[in-house]
Amino acid sequence: MTAWALRARDLKHYPHFDQALKLAEANSLVTDPVRVAQNSFFPLLRYSKTWQPFRHKPEKSGKPRPKAKERPIRYAARRDAYIFAFYRHLLSLHYEAELTRLGISGCPIAYRRIPTHSDARRGKCNIHFAREAFDRIRELGDCCVAAIDISSYFESIDHERLKALWCRLLDVERLPPDHFAVFKNVTSYRFVERIELYTRLGFYGAKKTTKSGKPINGYLVPYKAVPTQLCSPQDFRQKVLGKNGLYPSLVQKNPHGYGIPQGVPISDLLANLYLLDFDVEMNKLAVGLGGSYFRYSDDILLILPVHAPEAVAIMESLPERIKKFGDQLLIKPEKSSLVQYKVQGDRQAAKLLAGKQGKNGLEYLGFRYDGKNVYLRDSTVSNLYRKVAYAARSYADATVRRYPGKDYAELCRTFNFEQFIKKFGRVENFEPKSAKSQWTFWTYVSRSTAVFGPQGKTITSQVRRLRKIAKHRIKSELAFALERRAKSEKASSSAISRAPSRELTKLL
């Protein structure tokens, strides 16, 4: 058995169906194949991670508001998560060995610890991978770059093919009982919608109503007050599984022969493993033409020193090529592009040959390369301002509630803007090697400019107005918060005036 153990910081504390395990018990469970094979896995909890892409002054852009994006996240009970994490570790050892044997260790780059050249203790991140791709483009000079994206990749992974690859890694014809238990519960998984569960358990429901009497739902208890074990075993059987007939079951099951849940600790490794043979084929194609191939999860990049007609033909063949590895695998046309680079003087001129993204250069892993300089992608900057807008509204509402007697001018003077901007802006004595948990968006920008060097100097200029925009947003949200408070007070006053007085009530 390979040396591996959960640490105290690895223990989970989020609410779920199971009891919390002590560290020694958790390690004893995950390293015992018999107990893993016999483990009763709980249903996953599901919620949707949604966000609205931000567009600054949409009324002036002339473009429609971007569609809201949604990603389903399913997460395991704590004890089950420990098992998934341990078996991810076991499989990753075999997977890394297979990548080395096939000579493609540098191709699938997501979800793996790949040391940086300057510090073997630190792993590369998307910044390093983007720089390596852009450096390769500059090195080749005249070339074409195909960037494609797989639609709903995790939801499209074929179970039988995945099991065959799993067996191949272990060099067995049939999965051992413990591995099969893990496979079964990450493919034929069961799940419960978190909001439905919290509603049934009394943690979520109608908090107030609109004027028309429509309920406004929300959490009825603070998150910290939600118990770590959401319900007793008896309530789990009755209220979740629906065993007594008083409640319908909340449990749903993946009805398909494909799809794995994003959010489970082993899913990222399985997503890498699933396209192992595709990686071999694409790397052979790219290297055979003198180019390079990279895959960051569902983002595929082919850098090819070929002329435009040949690049277009390869690009058009990719949907059928990837279809060989699963009927559900589809390429998103709206997120795919083919960009041609040609050397012109001291730079490369970029030209979009196909697709909708890349009019101003290749977009890859949050960055854009126009042939000379590197920029943050527009969507990356958009995400920043979206977060600023959401945070500003939350802070403004809290400030108005805290100082109910102050007017707009007083609130603006009272508001601690410096504290707010620290969530996103400059950090004093920033060290580029600091932990990501200490990063703000500005530290991300600082590290990006450091990694990209002279080509990344333009990144800083993209966020030079961050402070000004954040301050303007706070002032606007304070005004809106005051308006909402005034409307609420007016509605309450109106309701009181319509209510009969105590004396009148007695007469009636």
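A brief structural summary. (Residues numbered from 1 in each chain as written. Predicted model: local features only at pLDDT ≥ 70, side-chain atom pairs only at ≥ 80, totals over all residues. Heavy atoms only, no water.)

Some points on helix H5 (residues 126-140)
Item 1. Given a rise of 1.5 Å per residue, 15 residues ought to cover 21 Å, and the 21 Å separating the end C-alpha atoms of H5 matches this to within 8%.
Item 2. Turning to H5, its buried residues number three or more, namely Asn-126, Ile-127, His-128, Phe-129, Ala-130, Ala-133, Phe-134, Arg-136 and Ile-137. (Helix = DSSP H or I, 4+ residues; strand = E, 2+ residues; numbered from the N terminus. Expected span 1.5 Å × (residues − 1). Buried < 20%, exposed > 50% of the residue type's maximum accessible area, 1.4 Å probe, protein only.)

Regarding the environment of Lys-335
Item 1. Among the structural elements, Lys-335 can be located in the loop between helix H12 (308-323) and strand E10 (337-344).
Item 2. For Lys-335, a relative accessible area of 33% gives the class partly exposed.

Description of the side chain of Ser-448
Item 1. Within the secondary structure, Ser-448 sits in helix H16 (residues 441-452).
Item 2. Within polar-contact distance, the side chain of Ser-448 engages the backbone oxygen of Tyr-444 at 2.8 Å.
Item 3. In this structure, Ser-448 is in contact with Ile-127, Phe-367 and Ile-459, ignoring residues within four places of it in sequence. (Polar contact = N/O pair within 3.5 Å; in protein donor to acceptor, adjacent residues only side chain to side chain. Contact = heavy atoms within 4.5 Å.)

Points about H16
Item 1. Over its 12 residues, H16 extends 16 Å from the first C-alpha to the last, a length consistent with the 16 Å expected when each residue adds 1.5 Å.
Item 2. Judged by how many residues are buried, H16 sits mostly within the fold: 10 of 12 residues are covered.
Item 3. If you check which residues of H16 are buried, you get Phe-441, Trp-442, Thr-443, Tyr-444, Val-445, Arg-447, Ser-448, Thr-449, Val-451 and Phe-452.
Item 4. On its buried side, H16 packs onto H5, strand E13 (367-369), strand E14 (374-376), helix H13 (378-402) and helix H17 (457-462).
Item 5. Looking one or two residues past H16, Gly-453 carries a phi angle of roughly 70 degrees, positive in sign.

Overview of the pattern of salt bridges
Item 1. According to the stated counting rule, one finds 24 salt bridges in the structure shown.
Item 2. Glu-25 is paired through a salt bridge with Arg-35; the nearest N and O atoms lie 2.7 Å apart. In this pair, Glu-25 sits in helix H1 (residues 23-30) while Arg-35 sits in helix H2 (residues 33-38), placing the two residues 10 residues apart along the sequence.
Item 3. A salt bridge links Asp-135 to Arg-138, with the nearest nitrogen and oxygen atoms 2.3 Å apart. Highlighted residues: Asp-135 and Arg-138, both in helix H5, separated by 3 residues, approximately one helical turn. (Salt bridge = Lys/Arg side-chain N within 4 Å of Asp/Glu carboxyl O.)

Notes on unusual backbone geometry
Item 1. A positive phi is found at Ser-297, a non-glycine position, where the angle reads about 60 degrees.
Item 2. Mapped onto the elements of the fold, Ser-297 is located in the loop between strand E8 (292-296) and strand E9 (299-304).
Item 3. Residue Ser-297 is classed as buried on the basis of its relative accessible area of 5%.

Topic: the pairing of E8
Item 1. Across the 5 residues of E8, 4 count as buried, placing the element largely inside the fold.
Item 2. Pairing between E8 and E9: 5 bridges, direction antiparallel. Bridged to Tyr-293 within E9 is Leu-302.
Item 3. Where E8 hands over to E9, the hairpin turn is made up of 2 residues, of which Ser-297 adopts a positive phi near 60 degrees. (Pairing = 2+ DSSP bridges.)

Some points on the sheet that holds E13
Sheet strands pair by backbone hydrogen bonding; their relative direction is either parallel or antiparallel.
Item 1. Spatially, the 3 strands line up as an open sheet ordered E12-E13-E14, and their pairing is antiparallel. Two strands in the sheet have a free side with no partner beyond their single neighbour: strand E12 (362-364) and E14. In this sheet, adjacent strand axes meet at a mean angle of 30 degrees when their direction is disregarded.
Item 2. Note that E13 and E14 share 3 bridges and pair antiparallel. When the sheet's bridge partners are listed, Tyr-369 is paired in E14 with Val-374.
Item 3. Lying over the sheet, H16 contacts E13 and E14, oriented at roughly 165 degrees with respect to E14. (Axes fitted to C-alpha atoms, helices over the stretch in contact; angles between N-to-C directions.)

Overview of the sheet that holds strand E11 (residues 347-355)
Item 1. One open sheet holds the 5 strands; their spatial order is E8-E9-E3-E10-E11, and the pairing between them is antiparallel. What marks the edges here is a single partner per strand, and that holds for E8 and E11. On average, adjacent strands in this sheet sit at an angle of 15 degrees to one another, irrespective of strand direction.
Item 2. The sheet contact formed by E10 and E11 spans 8 bridges and is antiparallel. The residue bridging Val-339 from the neighbouring strand is Leu-352, located in E11.

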